[in-house]
Amino acid sequence: KLKLGVLISGRGSNLQALIDACAAPDFPAEIALVLSNKADAFGLERSAKAGIATATVDHRDYPGDKPAFEATMDASLRKAGVQLVCLAGFMRLLSPWFVGQWRDALINIHPSLLPSFKGLDTHERALAAGVRFHGCTVHYVRPEMDEGPIIAQAAVPVLPGDDAHSLADRVLESEHKLYPHAVRLIAEGRARVDGDLVRIHGPVPDLATLT
Ligand code: GAR
């Protein structure tokens, strides 16, 4: 099975979706380590409950020294035998060095249909832009924020009366389906980087039917 390292900063609901997916015997990946940059992240409790190894590397312990912060995270992921790093609500921007260390082995979930709405407050900005569809994206990470070859996306409608919270909830529900789906594609060798794009090999299920 492909060994995952999941990086979190907080709630960890996407982490939970990966934990639940990995619990199925036929899922082709397993979580080797959950790494948080915050000691009080709720995702750490989820991991402990699932019997998964955790580590905290607090960026505040490395003031002005991002290279040391990232070298510690890198070492801890390597020691755990991690093969694919999954960012799941990890709220630190990673340096070109770290991204280079894990090139094509580092993915992120972002709450918008990229390349629209990179960065923060995506739901507010989608509402302000008046888009009729919004959603989420799983992509390979490149040094520029929220850039990189797209692996999978799920769209959700923006409905009359939506506010940022109702829209965020609808997107989050789709994130929880999309992330395990994307990890499965990679673990099965069916999502391969080819230049600036990901080529998908074999059939892809309709996300509406994913459970
Ligand atoms: C998710 O919506 C994720 O897409 C987003 O943060 C939330 C984390 O929730 N990520 C980003 O905004 C990355 N810039 P979670 O901790 O419950 O998975």
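Residues numbered from 1 in each chain as written. Predicted model: local features only at pLDDT ≥ 70, side-chain atom pairs only at ≥ 80, totals over all residues. Heavy atoms only, no water.

Caption draft 1: Layout of the UniProt feature "active site" (unreviewed entry) in the protein chain. The sites that UniProt annotates as "active site" (unreviewed entry) are H110. A residue is classified by how much of its surface remains accessible, and H110, at 3% relative accessible area, is buried. Once residues within four sequence positions are removed from consideration, H110 is found in contact with F117, K118, G119, T122, G135, C136, T137, H139 and D146. Of the polar contacts made by the side chain of H110, one reaches the backbone oxygen of F117; its length is 2.7 Å. (UniProt positions renumbered as here; feature names shortened; annotations may be inferred. Buried < 20%, exposed > 50% of the residue type's maximum accessible area, 1.4 Å probe, protein only. Contact = heavy atoms within 4.5 Å. Polar contact = N/O pair within 3.5 Å; in protein donor to acceptor, adjacent residues only side chain to side chain.)

Caption draft 2: Summary view of the side chain of R46. Among the structural elements, R46 can be located in helix α2 (residues 42–49). In this structure the side chain of R46 is engaged in a polar contact, spanning 2.8 Å, whose partner is the backbone oxygen of R11. (Helix = DSSP H or I, 4+ residues; strand = E, 2+ residues; numbered from the N terminus.)

Caption draft 3: Representation of the sheet that holds strand β2 (residues 29–36). Overall, mixed pairing links the 7 strands, which are arranged β3-β2-β1-β4-β5-β6-β7 in an open sheet. Looking along the sheet, the strands with just one partner apiece sit at the ends: β3 (54–56) and β7 (150–157). Taking the axes of each pair of neighbouring strands and ignoring which way they run, one obtains an average angle of 20° across the sheet. Pairing between strand β1 (residues 2–8) and strand β4 (residues 84–87): 4 bridges, direction parallel. When the sheet's bridge partners are listed, L4 is paired in β4 with L84. Helix-sheet contacts for helix α3 (residues 66–79) involve β1, β2, β3 and β4, and the interaxial angle to β2 is about 155°. (Pairing = 2+ DSSP bridges. Axes fitted to C-alpha atoms, helices over the stretch in contact; angles between N-to-C directions.)

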